[in-house]
Amino acid sequence: MAAAQLLWKEQGTPDPLPAIEFARLMASGELSVGAFLHYESQDSEYLRNYIGCWGCMLIKLDPTSEHFTQSAQLLFDLQRFTIGERKVVDDQPTLEATSKALSQDGKSAAEEVPKHQKGDGDDDAESPLLKALEGVQPSCFYEYIQYLQGMSLCRTSNCLELCVAVLPCLRLYAEVGLALKKSLTQEQLDSLPASFKTWICTYACPEFQLNADRTEAMMDRLLDERVKSSKNVAITSTQPDDSALRLQILRGELSRIYAYTMQLELEIFDYYTELSKAIKKKATTFQWQSPFRPGANTATVEPRMYPQALTIAGSDSGGGAGIPADMKAMEFFRVFSSVAITATTAQNTVGVQDVHLLPENHLKDQILSNFDDFEGSLQVVKTGMLPNRAQIEIIADCLSSHAKKIGKEVSLILDPVMIASTGSRLVDDAAVEALKSKLIPMATLLTPNLPEAAFLLGKKESEVESSLDESAKQFFTDYPTLKAVLLKGGHIENETALAQLLEGFYAGSSAPTASAGKSVVDTLFINLSALGSAPDLPQLCGVHMGWASGQSADMRVRMQHLAGDHLVKVSIVHPRIQLANGRLNDHGSGCSLASAVAAGLAARMAPKGPAGSTPPSGPMEYGYACGAAAAPGATRKGYGGCNYGGELSRFLWAEPEKKDEAGAPAPAWESLKMLTEAVFDAVHFVSSAMEASGHFHIGDGHGPLLHRAAEKSIVDAQ
């Protein structure tokens, strides 16, 4: 069975008339025309975004694909048809015009009423519900439009994912239209309000049916291309065959996308079915309850919960590192960043001229000010430069108190900024001891580079780089509650150590030589014991990321279980940035990496639905099409700020075999998945920013990382 047909069979409504009451009421003429006209007015806005989806798919289509011409022609045809479809919707008389005509007396007024309104319009004209809903967008339409916008604007959603997102609408409407047309005689069809007849004939017409078939065929072709691409870069102990890999991809992200958009389609039908019934009963109030999402009700739309994170660090006046870098990195991921500043510096690309430590009580006031306002919205905290013991103890106390107050664990991303690039110490012994005793045990992720890891473990750098596994084990022995360590590989240049890290990643001639120094290996170690349990390890089927500027390098990932140690090791290989002009703008890259991880966790942990409702189970990791003026909405008490943002990659995971009693993956597995994805996204982001930043000149010294430059690099790579 074709993949698209399998999705329809499993997630769709193959027999729509018995299942969809909206269609049955339309066939019998019992559906309120007023409710239908409101539906059409909202459908016009939806179709406007739907037209945009076809255009975005055309942009995302791979021009080197074997079927590019065939797929491009289909997208042009679909765009043309949808434009015509929207014109049909827009040509329907407005509810206001209909109500005005129906409210007049006498035969002349009746003659002014469009044919399709007779017999049903009197009830509609007097309905207080329709007057109350005039110009109001139901939450089901709002969710759907926002989701399509998010998929279209997402920089790494590909043509296949977008095709799967729009396919349920095509297939469902094709099936409903055809079923209605077949169930009615011509006489019955002619007796229906003209708007019903037009709707049925539009979706039952041969061209619409053909469009649905052709789009499903395109989805199958795109899936075949994804399978081929995944097999080329998959790094697993066992390589699945084509059919198994095809099914795995289908059962993962694609199935969730299809199921979610199908759910939204059915919600719209359900909403207008219930509204029609309320109008017929002359009800004065209307409360709609989603059959799929308890709490997603009424016609109003509340502000979304916007993801947030707090960064506690020093401020770089040159804008390259510290707080400025943290905020820009989080903004890139569409995460609102609040701050608490530990120190201010007089600093530029050449060096640091002065440092001023802020009083401990002022630091405490900054932290509590954010926690008191944003409350449970702040569940992720990133720390950078923490210059003394007193500040570290205050931070630890504030984090503990906040976690108790909100009744949730606070995820701490700890960047141990202790050693300058020159090798000099930035913090004293008392601060180091406080960091070890107070903050590292609380951390979700520790992100040391090679010098910092060696310093914390009391080892030589050569000892750490030659035995990363043993070094990671020592971290978790010293700090049993520490959940994960990311050992950054930028400083690892020893040929033997690099060759050991690269072993097993490449086959044959594709393996880069360690002596060429062309690769960096960042290694994430996850402590399963600290997560609460040891979940079944998912299979990672390969991630491929090209670089801008025509480089052929890619990012590769391997996940291993260190037997007997309850550790998961995730190795991420990516190119070492080496530009022809010799420039390397990487000032602030460590700050940006930790902040990007924090932002990735915050985005994944934030509710995706309207405030006060149960979040929808949509598959988008960053489903926010909020634009530059989107404020944090209901997540704060006072006035909100602006955000800017981008999205990055998604993984291809197999579903874990072990699940909880409700059939959901174990919490430990979800934590492992979120952390791995957030780290991969962060590495990809920083590497892309470094590559793109090298083409610009800022300052006379060590240039800063240009965060927004990463956007073009990432988009070009798609």
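Provided above is the structure to which this section pertains.
Our subject in this report is the structure included herewith.

Thresholds, definitions, all that
Residues numbered from 1 in each chain as written. Predicted model: local features only at pLDDT ≥ 70, side-chain atom pairs only at ≥ 80, totals over all residues. Heavy atoms only, no water. Buried < 20%, exposed > 50% of the residue type's maximum accessible area, 1.4 Å probe, protein only. Helix = DSSP H or I, 4+ residues; strand = E, 2+ residues; numbered from the N terminus. Core = buried A, V, L, I, M, F, W, Y, C linked by side-chain atoms within 4.5 Å. Contact = heavy atoms within 4.5 Å. Phe/Tyr/Trp six-rings, centres within 6.5 Å; stacked < 30°, edge-to-face > 60°. Disulfide = S-S within 2.5 Å. Patch = residues over 30% accessible without salt bridge, like charges linked within 9 Å, V, L, I, M, F, W, Y side chains within 5 Å. Areas by Shrake-Rupley, 256 points an atom, 1.4 Å probe, with all protein chains shown as cover. Salt bridge = Lys/Arg side-chain N within 4 Å of Asp/Glu carboxyl O. Axes fitted to C-alpha atoms, helices over the stretch in contact; angles between N-to-C directions. Left-handed = near helix turned anticlockwise from the far one by under 90°. Pairing = 2+ DSSP bridges. Right-handed = clockwise from strand over helix to strand, strands pointing away. Parallel < 35°, antiparallel > 145°, perpendicular 65-115°, else oblique. Nonpolar A, V, L, I, M, F, W, Y, C, P; charged D, E, K, R; others polar. Lys, Arg positive; Asp, Glu negative; His and termini not counted. Polar contact = N/O pair within 3.5 Å; in protein donor to acceptor, adjacent residues only side chain to side chain.

Of all the eleven residues making up helix 16 (residues 322–332), eight are buried; the element is thus mostly covered by neighbouring parts of the structure. Buried residues of helix 16: Gly322, Ile323, Pro324, Ala325, Asp326, Ala329, Met330 and Phe332, and no others. With its phi angle positive at about 60°, arginine 334 sits one or two positions after the end of helix 16.

Although it is not a glycine, arginine 334 adopts a positive phi angle of roughly 60°. Mapped onto the elements of the fold, arginine 334 is located in the loop between helix 16 and strand 2 (336–347). Here glutamate 375, not a glycine, exhibits a phi torsion of approximately 50°, which is positive. Counting through the fold element by element, glutamate 375 comes out in the loop between helix 17 (360–374) and strand 4 (380–383). Assessed through its relative accessible area of 34%, glutamate 375 is described here as partly exposed.

Core analysis: the biggest nonpolar cluster contains 86 residues, and Tyr39 and Trp199 have the highest contact counts within it. Those residues within four positions of tyrosine 39 in sequence are excluded, and the remaining contacts are Phe22, Phe141, Tyr173, Trp199, Ile268, Phe269 and Tyr272. In terms of nonpolar packing, the next biggest core, distinct from the first, is built from 51 residues, Val381, Val410, Leu450 and Phe476 among them.

This part covers the packing of aromatic side chains. Geometry of an aromatic ring pair is reported as the spacing of the ring centres plus the angle between the planes. Taken as a whole and assessed by the stated rule, the structure comprises 19 aromatic pairs. Ring centres 5.5 Å apart and planes at 55° place the aromatic pair tyrosine 173 and tryptophan 199 in the tilted group. Taken together, the residues span a long stretch of sequence, with tyrosine 173 in helix 11 (residues 159–183) and tryptophan 199 in helix 13 (residues 194–204) at a distance of 26 residues. Geometrically, the ring pair formed by tyrosine 173 and tyrosine 203 is edge-to-face, given 4.9 Å between the ring centres and 75° between the ring planes. Linking tyrosine 173 in helix 11 with tyrosine 203 in helix 13, this pair joins segments that are 30 residues apart in sequence. Grouping residues by exposure puts tyrosine 173 and tyrosine 203 together as buried.

Moving on: the state of the cysteines. This model, assessed by the stated rule, comprises zero disulfides. In this structure cysteine 205 is a free cysteine whose sulfur lies 8.9 Å from that of cysteine 201, the closest cysteine sulfur available.

To continue, consider a nonpolar patch on the surface. On the surface, a nonpolar cluster with roughly 230 Å² of combined accessible area is contributed by Val352, Val355 and Leu357. Within the element layout of this structure, valine 355 appears in strand 3 (residues 352–357). Residue class for valine 355 comes out partly exposed when judged on its relative accessible area of 40%.

Attention now moves to the packing of helix 4 (residues 33–60) against helix 11. Interhelical geometry of helix 4 versus helix 11 gives an angle of 145° and a closest axis separation of 10 Å. As helix 4 packs across helix 11, the resulting crossing turns out to be left-handed. Taking contact as the criterion, the partners of Tyr39, Tyr46, Tyr50, Cys53, Trp54, Cys56, Met57 and Lys60 in helix 4 are, on helix 11, Cys159, Leu162, Cys163, Val166, Cys169, Leu170 and Tyr173.

Turning next to the pairing of strand 2. Summarising the sheet, strand 1 (residues 308–316) and strand 2 pair through eight bridges and their orientation is parallel. Considered in strand 2, the bridge of threonine 311 is made with valine 339. Traced from strand 1 through helix 16 to strand 2, the parallel crossover comes out right-handed. When strand 2 meets strand 3, the two strands line up antiparallel, connected through five bridges. Bridging across to strand 3, threonine 345 finds its partner in valine 355. Hairpin connection between strand 2 and strand 3: a loop of four residues separates the two successive antiparallel strands.

Viewed as axis vectors pointing N to C, helix 20 (residues 450–457) and helix 22 (residues 468–478) meet at an angle of 50°, and their least axial separation amounts to 11 Å. As far as their axial angle goes, helix 22 and helix 20 are oblique. With respect to the hand of their crossing, helix 20 and helix 22 are arranged in left-handed fashion. Along the contact surface, helix 20 presents Ala453, Leu456 and Leu457, while helix 22 presents Ser471, Gln474, Phe475 and Asp478. The class makeup of the residues in the contact of helix 20 with helix 22 is four nonpolar, two polar and one charged.

This part is about the side chain of aspartate 522. Mapped onto the secondary structure, aspartate 522 falls in strand 8 (residues 519–527). Buried within the structure, aspartate 522 lacks any salt-bridge partner; its nearest side chain of opposite charge belongs to lysine 488, at an N-O separation of 8.0 Å. Of note is the side chain of aspartate 522, whose polar atom sits 2.7 Å from the backbone nitrogen of glycine 489. Each residue touching aspartate 522, except ones within four places of it in the same chain, is listed here: Leu486, Leu487, Lys488, Gly489, Gly490, Val570, Ser571, Ile572, His574 and Val683.

The subject of this paragraph is the environment of alanine 313. Residue position: alanine 313 is located in strand 1. Sequence spacing of alanine 313 and cysteine 591 is 278 residues, and the spatial spacing of their C-alpha atoms is 9.2 Å. Sequence-distant contacts of alanine 313, defined by excluding residues within four places in its chain, comprise Ile323, Asp326, Ala340, Ile341, Thr342, Ala343, Lys382, Gly384 and Met385.

Further remarks concern helix 20. Across the eight residues that make up helix 20, a large majority, seven, are buried. Looking at helix 20, one finds that the buried residues are Leu450, Pro451, Glu452, Ala453, Ala454, Leu456 and Leu457. Looking at the buried side of helix 20, the elements it contacts are helix 19 (429–439), strand 6 (445–446), helix 21 (461–466), helix 22 and strand 7 (484–487). Here helix 20 starts with a cap whose side-chain oxygen sits 2.9 Å from the backbone nitrogen of glutamate 452, and that cap is asparagine 449.

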